[in-house]
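# Examining the three-dimensional arrangement
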Amino acid sequence: MARICDRFDDLGFDGLPRRLGIMGGTFDPVHIGHLACAEQAREAYGLDAVVFVPAGVPVFKKDRPITPAAERLAMCRLSVASNPAFDVSALEIERAGDTYTVDTLRELRAHYPGNVELFFITGADAVVHIVKWRESAAIADLARLIAVTRPGYALTDERKREIEELGAFDVSYLEVTALAISSSDLRNRVAEGRSIRYLTMQSVYDYVRERGLYRVPAPGGEA
Ligand code: NAP
């Protein structure tokens, strides 16, 4: 059977009920907002583990260049190293073609026994568009969704109702203060020669500097 990740490949094979969080994102780059989200979701939903799954080829991101998957994966690995409840999976990066969440969840469902419940965690701004995702109804059957919001960007009740009315989506909302930090802000900062120290893990800060990532602004100004 294909490996999912290093630390939690055997989760649930002892037959005990387990909860697995899957952090889906582009992580370009990963920052402390993502880490705080994962930790707070772990705590709030009693997750046994949270696995970061950087998207290989994000389908809605074809308008700007994305940092190579190997670099985004490496930064995720550096970020989770100190938390025994976290890990990273390269399964979306190793899969050829565009990245679809339904494929990822099917792979995870096929790997883990039925006593492992799946929770897909991602940004609320992304979840709002879930009805446009490939086989979104199947996604709802495969996992519970945790939509992370940041202060001031909370979805209106009307927006939540719209999502609920459009399908059988079990979406929970989690507001995380640290998510005021965004990957685009980090990319812009580096491109403008400003510091990203303390906005991401020190190891990622060092990696970005050593590899010279994000120094050139993305075309069109918005990085
Ligand atoms: P995005 O549009 O770049 O992100 C929207 C917002 O959510 C941004 O503010 C982003 O902040 C935040 N965010 C992203 N991932 C997060 C996470 N795990 N926790 C907390 N906040 C997060 O979203 P994306 O990265 O393209 O996609 C998010 C996930 O949805 C990925 O796993 C992707 O594969 C999946 N997705 C699937 C489909 C499909 O199956 N058709 C389509 C679209 C997205 P930052 O920029 O700071 O991260």
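Per chain, residue numbering runs from 1 following the sequence as it is written. Local features in this predicted model are restricted to residues whose pLDDT is 70 or higher, and side-chain atom pairs enter the listing and the counts only when it is 80 or higher, whereas totals over whole chains, interfaces and linings include all residues. Excluded from the side-chain calculations are hydrogens and water; all other atoms, namely the structure's heavy atoms, are used.

Moving on to the overall build of the protein. Runs of H or I in DSSP of at least four residues are treated as helices and runs of E of at least two as strands, each being numbered from the N terminus. When helices and strands are tallied, the protein shows nine helices and six strands. A fraction of 79% describes how many contacts in the protein between residues 6 or more apart in sequence connect residues 24 or more apart. For the protein, the accessible area works out to roughly 10800 Å², and carbon and sulfur atoms hold 50% of it. For this count, His and the chain ends are skipped, Lys and Arg are scored as positive, and Asp and Glu as negative. Working definition for charges: the position is that of NZ of Lys, CZ of Arg, CG of Asp or CD of Glu. Computed over 27 positive and 32 negative side-chain charges, the inter-centroid distance for the protein is 4 Å. By definition in these notes, contact holds between two residues if any of their heavy atoms fall within 4.5 Å. Surface accessibility follows the Shrake-Rupley procedure with a 1.4 Å probe radius. Residue values consider only the protein chains on display as shielding.

Near residues are defined by distance, with any heavy atom within 4 Å of the molecule or strand qualifying the residue. In the region of the ligand, 27 residues are neighbours, and Thr26, His31, His34, Lys61 and Ser183 sit closest. Histidine 34 places a polar side-chain atom, nitrogen or oxygen, 2.7 Å from an oxygen atom of the ligand. Within the contact set of the ligand, an oxygen atom lies 2.9 Å away from a backbone nitrogen or oxygen of threonine 101. Out of a free accessible area of 860 Å², the ligand has 90% covered by protein chains. In the analysis that follows, any N or O atom pair within 3.5 Å is treated as a polar contact, provided that within protein one partner can donate a hydrogen and the other can accept it, and provided that, for residues neighboring in sequence, both atoms belong to side chains.

Each neighbour pair has its own omega, and for aspartate 28 with proline 29 the value is 0 degrees, a cis peptide bond. Turning to its location among the elements, proline 29 is positioned in the loop between strand E1 (18-25) and helix H1 (32-44). For phenylalanine 27, which is not a glycine, the phi torsion comes out positive at approximately 55 degrees. By the secondary structure assignment, phenylalanine 27 is in the loop between E1 and H1. Buried, partly exposed and exposed residues are distinguished by accessible area as a fraction of the type maximum, computed with a 1.4 Å probe on protein chains only: under 20%, between the cut-offs, and over 50%, respectively. Overall, the relative accessible area of 3% leaves phenylalanine 27 in the buried class. In this model, tyrosine 214 sits at a positive phi of 65 degrees, which is unusual for a non-glycine residue. Inspection of the secondary structure assignment puts tyrosine 214 in the segment after helix H9 (202-211).

Mapped onto the secondary structure, histidine 34 falls in helix H1. The buried category is assigned to histidine 34, whose relative accessible area is 13%. Spatially, the C-alpha atom of histidine 34 lies 18 Å from that of valine 171, the residues being 137 residues apart in sequence.

Attention now moves to the side chain of threonine 99. Within the element layout of this structure, threonine 99 appears in the loop between helix H3 (91-94) and helix H4 (101-111). A polar side-chain atom of threonine 99 sits 3.0 Å from the main-chain amide nitrogen of glycine 56. At 2.8 Å, the side chain of threonine 99 forms a polar contact with the backbone nitrogen of valine 57.

A few words on the pairing of E1. Pairing of E1 with strand E4 (residues 116-123), which is carried by six bridges, proceeds in the parallel orientation. Paired with arginine 18 across the two strands is valine 116, which belongs to E4. A pair of strands counts as paired when DSSP detects no fewer than two bridges linking them. As paired elements, E1 and strand E2 (residues 49-54) share six bridges and run parallel to each other. From the neighbouring strand, glycine 21 faces E2, where its bridge partner is valine 50. Here, the term right-handed applies to a crossover whose path from the first strand over the helix to the second runs clockwise when the strands point away from the viewer. Read from E1 through H1 to E2, the crossover connection turns out right-handed.

It is worth stressing that arrangement in space is one thing and function is another; only the former is reported here.
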